[in-house]
Structures are given as structure tokens and as C-alpha cells.
Amino acid sequence: LKNINVALIGNPNVGKTSVFNQLTGLNQQVGNYPGITVEKKMGFCKLPNNIKANILDLPGTYSLNASSIDESVVIELLLNKNDRLYPDVALVVTDVENLKRNLLLYTQIKDLEIPTILVINMADRMETKGISLDILYLEEHLKTKIALISSRKGHGIEELKNLIISYKTISAEPCLNASVIDKPYFDSLQQAFPNQLLYKLWLVITQDVNFLNLERNEIRSTFTKSHSDLKRLQQKETIKRYQFINNVLKEGLKIDTSIAKDYRSKLDRVLTHKVWGYAIFFVI
Ligand code: GDP
Ligand code: MG
């Protein structure tokens, strides 16, 4: 039986490497600053029912509109179905406190029609921050399965493993139809390459990464646009994605700010005590 290829994808600092360590039992360095994972790291995970998975820890990336080498590494992998590391299932890891921003990348991965599990990490922070999630609602509208976990505490990891095993039942449906960015342009693009995924064509046009894809030059020569037009369309893409995300989060995410405030003032009191403690210590 072939190992399941699992790729960990997400913004910097959301806990990808911590999830990697939980799944593989390895001990990669976890960093509290972005960009610590500068290359792909591979590990191995034993799942229930004797199933095995290759776990790939990818560099942090904010979006598929590549601007850094880290991001190109991710895009190149996701556009090459022939790559031996091409994921059977993607785990998009997010931080529950930054869900809105983190979901931008999620919608882009979904639009590549890769079966994707949404991993919402740092669940241990929800109580103190007054955050509550309607998981069923989010699953339905984001067209996925969600694993709510705390990779720091090891909570939810077994559930995540069970989701990975059932990756064949996880939706590969896109979130956004790329044609909403500019209908005439995208319609003609799709007509010219009817068998290609529209969003993938769009990435081939906008990104400067090496594809094994032979049609790249053909696509580019026919559908090229000025740099400023491409930038404008990319901005429109981002706006459309955030509209989608905001709509979903309006119902699926609640933040009770009074709890967060209450907690903060409690924390302030503790810190004040500490400061006084040290002050008194020094005076004595
Ligand atoms: P990466 O950049 O996505 O690989 O993230 P890391 O795994 O390096 O983690 C970034 C920071 O978040 C580190 O300081 C971790 O200790 C912290 N972190 C990771 N998972 C959790 C979690 O579940 N809860 C909390 N509170 N912190 C976490
Ligand atoms: Mg990392």
C-alpha cells in the first residue's frame, strides 16, 4: 500500500512545524518568528489501521501570489501533479486568532482542487480570547473537514489522523470560481485550454516559477497582460476571496470581546503584582 502524501501548508508561525512534530514524533525546531522552515522537511507518520503517511512540512507562505522563494517552493510543488511529493491531501494549518487572514491561502489551495483539511490550531487560546467557532457551519461553507487542535498540548491530533485516513472522502471542490475576477478574460482563457484548471492557468500566467508544464509559454504568449493589469486583477482576486471569507466568518466565528478584555485586565493585574514584587525585592 502506497503511503499517503500529506503536505502541511500555511502562513508563517501558525504551528505547522508543531503539527509536523506531533504527527511524526520528530523534533524539528519550532520558532517564534516567521520563516524558520526554509525548505521542505519530510517525516513519517503511522496512522490507525496500519496506514502510513509521508508528512511534508513546507515553508510558511501567505498566499500563492508568490513574492518570496519560500512561496515559490510551495507553488511549484502544488502545480506539478507529477512531483513525487505532490499531496494526496493538504492540511492547511491556521491560527484560530488569525483565522480571517489565514483563510486567504486556504481558499487558493482549495481552488487548485486538492483535497484539503482545514486545521485550526491554537485551540488552547480560544477560551481566554473569547473565541467560539461553529464548526459544522464552517465545514459546510468552506467545503471541507475541520480539525480543531492544539499542537502545543497535543489535543485533537488523533482526530486529525482519522481525518487524514479518510482523505478520499474530503471535498476537492473549489471555493471561488476564478472567472469572477474578470469574466471575459477568464472565459476566453478557459476556452483556449478547456482541460486545464482555470486557477492553475491563472497562476501560470502570474507567477514566475519553474513549471514542468510545457504549455506555459503558450499560455503566456496568448494571454499576457501588462504588469499593471495583472497586479490589478490580483488585487481583485484578493478582494473577492476576502468577501467570501468575511461572509463565512460572519456566521461561523464569534469573538466575545468582553471575555478577552476581562482576561487582559486580569493579566494586567498579575503583571502589576509581578512588577511590584520585583520592585520590592530590589528595594530590600
Ligand atoms: P510554523 O512557523 O507554522 O512552523 O509554526 P511553529 O510550529 O514554529 O510555531 C510557531 C509558534 O507558535 C511557536 O512559538 C509555537 O510554540 C507556537 N504554537 C504552535 N502550536 C501552538 C498551539 O497549539 N498553541 C499555542 N498557544 N501556541 C502554539
Ligand atoms: Mg515551521
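A short tour of the structure in this document, coming up.

Conventions we followed
- All residue numbers here refer to positions counted from 1 along the written sequence of the relevant chain.
- Each chain gets a letter, beginning with A, and each ligand a number, beginning with 1, in the order they are written.
- Local features are withheld for residues below a pLDDT of 70 in this predicted model, meaning they are given only at 70 or higher, and side-chain atom pairs are given and counted only at 80 or more; totals for whole chains, interfaces and linings count all residues.
- Values shown for side chains rest on all heavy atoms present in the structure; no hydrogens or waters enter the calculation.
- Think of a salt bridge as a Lys or Arg side-chain nitrogen and an Asp or Glu carboxyl oxygen that are within 4 Å of each other.
- Per the convention used, a helix needs a DSSP run of H or I reaching at least four residues, while a strand needs a run of E reaching at least two, with both numbered from the N terminus.
- To sort residues, take the accessible area from a 1.4 Å probe on protein chains only and compare it with the maximum for the residue type: under 20% means buried, over 50% means exposed, and anything in between is partly exposed.
- In this scheme, strands are said to pair when DSSP sees at least two bridges between them.
- Here, residues are in contact when the closest pair of their heavy atoms is within 4.5 Å.

## Some details on the pattern of salt bridges
- In total, this model carries 9 salt bridges according to the counting rule given.
- Linking K2 and D88 is a salt bridge whose minimum nitrogen-to-oxygen distance equals 3.1 Å. Of this pair, K2 sits in the segment before β1 (4-10) while D88 sits in the loop between α2 (69-79) and β4 (89-95), and the two are 86 residues apart along the sequence.
- Linking R232 and D229 is a salt bridge whose minimum nitrogen-to-oxygen distance equals 3.9 Å. Within this pair, R232 and its partner D229 are both found in helix α10 (residues 227-252), separated by 3 residues, close to a single helical turn.

## Notes on unusual backbone geometry
- Its identity is not glycine, yet N50 carries a phi of approximately 65 degrees, on the positive side.
- Structurally, N50 can be placed in the loop between β2 (41-46) and β3 (52-57).
- The phi angle at E113 is positive, at roughly 55 degrees, despite the residue not being glycine.
- Along the chain, the position of E113 falls in the loop between α3 (99-110) and β5 (116-121).

## Points about the pairing of β3
- Among the 6 residues of β3, 5 are classified as buried, and the element is accordingly described as predominantly covered.
- The sheet contact formed by β2 and β3 spans 6 bridges and is antiparallel. Each residue of the ladder has a partner; that of M42, found in β3, is L56.
- Counted along the chain from β2 to the antiparallel partner β3, the turn is 5 residues long, and its residue N49 has a positive phi close to 60 degrees.

## Thoughts on helix α1 (residues 16-24)
- Of all 9 residues in α1, 8 are buried, a share of seventy percent or more.
- Of all the positions in α1, only K16, T17, S18, V19, F20, N21, L23 and T24 are classed as buried.
- Looking at the buried positions of α1, the neighbouring elements they touch are β1, β2, β3, β4 and α6 (157-165).
- Looking one or two residues beyond α1, the residue adopting positive phi is G25, at roughly 75 degrees.

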